[in-house]
Amino acid sequence: MLGVRRSASGASDEYEDVGYEPTRPLKRRSWQFRLAKGVVKVVLVVIALFLAAVALLYAFTPSAVRATGLAQAQAAEHHIAYPGPPVPRYFAEALVATEDHRFYADPGVDPIALMRVAASWLTGHTDRGGSTIDQQLAKNLYTSGHSSFPQIIEQVTLAVKLNRAYSRAEILRLYAEIAYYGHGYYGLQEASCGYFGRTPAQLTVVQAAMLAGAVNAPTYDDPLVYPAQARARLVHVIDRMAAVGYLTKAQQDAALDAPLGLSAVRGCQ
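Residues numbered from 1 in each chain as written. Predicted model: local features only at pLDDT ≥ 70, side-chain atom pairs only at ≥ 80, totals over all residues. Heavy atoms only, no water.

Below, the discussion takes up the overall build of the chain. Within the chain one finds 12 helices and zero strands. Helices (α) and strands (β) of the chain occur, in sequence order from the N terminus, as α-α-α-α-α-α-α-α-α-α-α-α. Within the span of the chain, comprising 269 residues, buried residues form 35% of the whole. Per element, the accessible surface of the chain, about 15,700 Å² overall, is 61% carbon and sulfur. (Helix = DSSP H or I, 4+ residues; strand = E, 2+ residues; numbered from the N terminus. Buried < 20%, exposed > 50% of the residue type's maximum accessible area, 1.4 Å probe, protein only. Areas by Shrake-Rupley, 256 points an atom, 1.4 Å probe, with all protein chains shown as cover.)

What follows is the structure, encoded as structure tokens:
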């Protein structure tokens, strides 16, 4: 008995000398493994639910091919010609620079901007800067210009559909044809002729920039009613065009110094 006890005691002392703990590391690793496994399961469930939600939205939102018909109906409602003229270069550049500078690369939505907007919602702030041109087109065509939370989700889905169904030039043309530019002008043709007495193809850089800037807040950026506000918006658009590389510094300065050339007579001759 004494020999057995000494032997056990000796083994215990030997373990203590080398710091050997045979069970604790195994328990720790087992706990960490179970935690990691649980996290992976939760992530997979969230991804599956997200994909299922996207599939349902894609199935139950309207078809993108309806966009041209809806644009034609709005044009008829506003008594303007459809389809309108092709979008001129300066207007396209001004609109993209100001409203959606990743327009030619994004899939209809801007993931970076969406994450920023989601973060602002979670923190209780307001950030409405995540709307792409495709989303704005979906908003104006399909949801009557309204943006409740369910409608925003619908707009995001429709923006992806529009991006897949139409070229970038077609999206810009649809957008330009249904946009409101203030002072009762709907569509790029009417706005160009109404403000400047010239067709869209004849617009100068500064005139195209003014029209592209007006669609954000057409009532308050109307140059005939609120010239100071319209000028501030125009400067912002020109600065954005320079920032994204559409204008050189010399062209930027020339555009800011150029006269706007508002027409005293409404309409093209």
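A few words now on the environment of Ala214. By secondary structure assignment, the location of Ala214 is in helix H10 (residues 205-214). As for Ala214 and Ala230, which are separated by 16 residues in sequence, their C-alpha atoms are 7.6 Å apart. Setting aside chain neighbours within four positions, we find Ala214 in contact with Tyr180, Tyr181 and Asp221. (Contact = heavy atoms within 4.5 Å.)

Right, let's talk about the side chain of Asp100 for a bit. Residue position: Asp100 is located in the loop between helix H4 (89-99) and helix H5 (111-122). For the buried residue Asp100, which engages in no salt bridge, the nearest side chain bearing the opposite charge is Arg168, 5.5 Å off. Here the side chain of Asp100 touches Ile133 through a polar contact of 3.2 Å, landing on its backbone nitrogen. The contact partners of Asp100, leaving out residues within four places of it in the chain, are Leu95, Asp106, Thr132 and Ile133. (Lys, Arg positive; Asp, Glu negative; His and termini not counted. Salt bridge = Lys/Arg side-chain N within 4 Å of Asp/Glu carboxyl O. Polar contact = N/O pair within 3.5 Å; in protein donor to acceptor, adjacent residues only side chain to side chain.)

Next up on the list: the side chain of Gln74. Tracing the chain through its elements places Gln74 in helix H3 (residues 67-77). Not counting the four nearest positions on each side in its chain, Gln74 is found in contact with Asn140, Leu141 and Ile178.

Let us now look at the nonpolar core. With 48 residues, the main nonpolar core has Phe91, Leu162, Tyr181, Leu211 and Met241 as its most contacted residues. Contributing elements (two or more residues each) for this core: H3, H4, helix H6 (133-142), helix H7 (149-165), helix H8 (168-178), helix H9 (188-196), H10 and helix H11 (227-243). Tallying contributions element by element places H10 first for this core, with eight residues. (Core = buried A, V, L, I, M, F, W, Y, C linked by side-chain atoms within 4.5 Å.)

Taken across its 10 residues, H6 has eight buried, putting it largely inside the fold. Along H6, the positions that sit buried rather than exposed are Ile133, Asp134, Gln135, Gln136, Leu137, Ala138, Leu141 and Tyr142. Ser144 sits one or two residues past H6 and shows a positive phi near 55°.

We now examine the pattern of salt bridges. Per the stated rule, a full pass over the model turns up six salt bridges. A salt bridge links Glu93 to Arg89, with the nearest nitrogen and oxygen atoms 3.0 Å apart. Note that Glu93 and Arg89 are positioned in helix H4 at a spacing of four residues, about one turn of the helix. In this structure Arg89 comes out as exposed when scored by relative accessible area, which is 56%. For Asp253, the salt bridge goes to Lys249, with nearest N and O atoms at 2.9 Å. Here Asp253 pairs with Lys249, and both are found in helix H12 (residues 249-257), just four residues apart, close to one helical turn. For Asp253, a relative accessible area of 31% gives the class partly exposed. Relative accessible area serves as the criterion here: at 56%, Lys249 is assigned to the exposed category.

This part takes up unusual backbone geometry. Of note, the bond from Tyr82 into Pro83 is cis; its omega dihedral lies within 30 degrees of zero at -5°. One can find Pro83 in the loop between H3 and H4. Even without being glycine, His79 reaches a positive phi, approximately 60°.

Predicted confidence across the chain gives a mean pLDDT of 83, with 78% of residues reaching 70 or more. Here residues 1-16 is modelled with pLDDT under 50, and outside its nearest four sequence neighbours on either side it reaches one contact, counting other chains as well. (pLDDT = per-residue confidence, 0-100.)

The next thing to look at is the packing of aromatic side chains. Under the definition given, this model contains six aromatic pairs. With centroids separated by 6.3 Å and ring planes inclined at 55°, the aromatic side chains of Phe91 and Tyr181 adopt a geometry described as tilted. Of this pair, Phe91 sits in helix H4 while Tyr181 sits in the loop between H8 and H9; the two residues are 90 residues apart in sequence, bridging distant segments of the chain. For Phe91, a relative accessible area of 0% gives the class buried. (Phe/Tyr/Trp six-rings, centres within 6.5 Å; stacked < 30°, edge-to-face > 60°.)

Next up on the list: the packing of H3 against H6. It is the contact of H3 with H6, at a shortest axis distance of 10 Å, that shows an interaxial angle of 60°. Classified by the interaxial angle, the pair formed by H3 and H6 is oblique. At the point where H3 passes H6, the crossing takes the left-handed sense. Residues Ala67, Leu70, Ala71 and Gln74 of H3 touch H6, and the partners they reach there are Asn140, Leu141 and Tyr142. (Axes fitted to C-alpha atoms, helices over the stretch in contact; angles between N-to-C directions. Parallel < 35°, antiparallel > 145°, perpendicular 65-115°, else oblique. Left-handed = near helix turned anticlockwise from the far one by under 90°.)

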